[in-house]
Amino acid sequence: MAGKQQDVVDVLLDQHSQIKSLFSRVASEPKGTQKRELFQDLVRLLAVHETAEEEVVHPVARRRIDSGEQVVDSRRKEEDQAKRELAQLYDMGVDHPEFNAKLAKLSEAVAQHADREEAEEFRSLRQQVPQEQLVRMAGAVRAAEQTAPTRPHPHSGESAPANLLAGPPLAVFDRIRDAVRDWRETQRVR
Ligand SMILES: [Fe+2]
Ligand SMILES: [Fe+2]
């Protein structure tokens, strides 16, 4: 394909908008199986996205951008908090009377987190890290995506990877982190 290759910032920005729209789809779905499946998709998407940031993007930002240490420490705290709240939502279950209210709070927190990343971290990455490296880093995020397809084929039931990646959010995050680390080992992307 001609033109500029997608870099890691392009991929992450695209995921930010997918995350926002999946939050609203979960929220607007009435109770039941469909809502549960959409919530599980959201868990997988957040796991892919935040894990790729944690393993591949934040370490580079920490070393390379101005005030990288402070910027990344603040974002990591927000990510840990979001992970805990996601686990609480999972334990609560989608049919719980307070599920939607708690989901709305998390959705707002994650949107603010994403805005801060875009303003304080991604912009500086583009200014201070060579484009070639940013393109290479995009590969790690795609590798994470491939371990966790968020849209299994309709009619085929749950795909094997989807089954493997269903369940408690903390376990899903761990499995995806292992996959990203394996990929990084083979590629030596730092
Ligand atoms: Fe993040
Ligand atoms: Fe993000």
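The text that follows walks through the structure, step by step, so that each part is easy to find.

The rules we used
- Residues numbered from 1 in each chain as written.
- Chains lettered and ligands numbered in written order.
- Predicted model: local features only at pLDDT ≥ 70, side-chain atom pairs only at ≥ 80, totals over all residues.
- Helix = DSSP H or I, 4+ residues; strand = E, 2+ residues; numbered from the N terminus.
- Contact = placed C-beta atoms within 7 Å.
- Axes fitted to C-alpha atoms, helices over the stretch in contact; angles between N-to-C directions.
- Parallel < 35°, antiparallel > 145°, perpendicular 65-115°, else oblique.
- Nonpolar A, V, L, I, M, F, W, Y, C, P; charged D, E, K, R; others polar.
- Core = buried A, V, L, I, M, F, W, Y, C linked by C-beta atoms within 7 Å.
- Buried ≥ 20, exposed ≤ 12 C-beta atoms within 10 Å, placed from the backbone.
- Expected span 1.5 Å × (residues − 1).
- Arc of directions from axis to C-beta.

Points about the overall build of the protein chain
A count of helical and extended segments in the protein chain gives seven helices and zero strands. Counting from the amino terminus, helix and strand elements in the protein chain follow one another as α-α-α-α-α-α-α. Residue pairs in contact within the protein chain that sit at least 24 positions apart in sequence constitute 74% of those at least 6 positions apart.

Some remarks on the packing of helix 3 (residues 68–92) against helix 7 (residues 169–187)
Helix 7 packs onto helix 3 with a crossing angle of 130° between their chain directions and a minimal axis gap of 8 Å. The angle between helix 3 and helix 7 places the two elements in the oblique class. Mapping the contact onto sequence places Lys83, Leu86, Ala87 and Tyr90 in helix 3 and Pro169, Leu170 and Phe173 in helix 7. Here the contact of helix 3 with helix 7 is built from residues that sort into six nonpolar, no polar and one charged.

What about the nonpolar core?
Grouped together as the largest cluster of nonpolar side chains are 44 residues, with contacts concentrated most on Val8, Ala140 and Val141. Elements with a minimum of two residues in this core: helix 1 (8–28), helix 2 (33–64), helix 3, helix 4 (99–128), helix 5 (131–147) and helix 7. Element by element, the count of residues in this core is highest for helix 2, at 11 residues.

What to know about helix 5
Between its first and last C-alpha atoms helix 5 spans 25 Å; for 17 residues at 1.5 Å apiece the expected length is 24 Å, and the two agree. Burial in helix 5 covers these residues: Leu134, Met137, Ala138, Ala140, Val141, Ala143, Ala144 and Thr147.

A short note on the environment of Gln34
The topology assignment puts Gln34 in helix 2. Put simply, Gln34 and Val94 are 60 residues apart on the chain and 9.9 Å apart in space, counted from C-alpha to C-alpha.

Here we look at unusual backbone geometry
Trans is the common state for peptide bonds, and a negative phi is the common state for residues other than glycine. Although it is not a glycine, Ser67 adopts a positive phi angle of roughly 55°. Within the element layout of this structure, Ser67 appears in the loop between helix 2 and helix 3.

A look at the environment of Pro168
Relative to the helices and strands, Pro168 resides in the loop between helix 6 (160–164) and helix 7. With 13 C-beta atoms counted inside 10 Å, the residue Pro168 sits in the partly exposed group. A C-alpha to C-alpha distance of 8.8 Å links Pro168 and Val43, two positions 125 residues apart in sequence. Among residues more than four places away in sequence, those in contact with Pro168 are Ala87 and Tyr90.

Considerations on helix 7
Over its 19 residues, helix 7 extends 27 Å from the first C-alpha to the last, a length consistent with the 27 Å expected when each residue adds 1.5 Å. Pro169, Val172, Phe173, Ile176, Val180 and Trp183 are the residues of helix 7 that are buried. All buried residues of helix 7 project into a common sector of 95° when viewed along the axis, lining one side. Exposed and oriented more than 90 degrees from the buried face of helix 7 are Asp178, Asp182, Glu185 and Thr186. Contacts made by the buried residues of helix 7 are with helix 2, helix 3 and helix 5.

Focus: the packing of helix 1 against helix 5
A pair of packed helices is captured by two measures, namely the crossing angle of their axes and the spacing between those axes. For the pair helix 1 and helix 5, the least separation of the axes is 7 Å and the interaxial angle reads 40°. Taken together, the axes of helix 1 and helix 5 lie oblique to each other. On helix 5, the residues that touch Val8, Val9, Val11 and Leu12 of helix 1 are Leu134, Met137, Ala138, Val141 and Arg142. Looking at the contact of helix 1 with helix 5, its residues break down into eight nonpolar, no polar and one charged.

Quick look at the environment of Asp73
Tracing the sequence through the fold places Asp73 in helix 3. The exposed category is assigned to Asp73, around which 11 C-beta atoms lie within 10 Å. Expressed as a C-alpha distance, the spacing of Asp73 and Arg62, which sit 11 residues apart in the sequence, is 8.6 Å.

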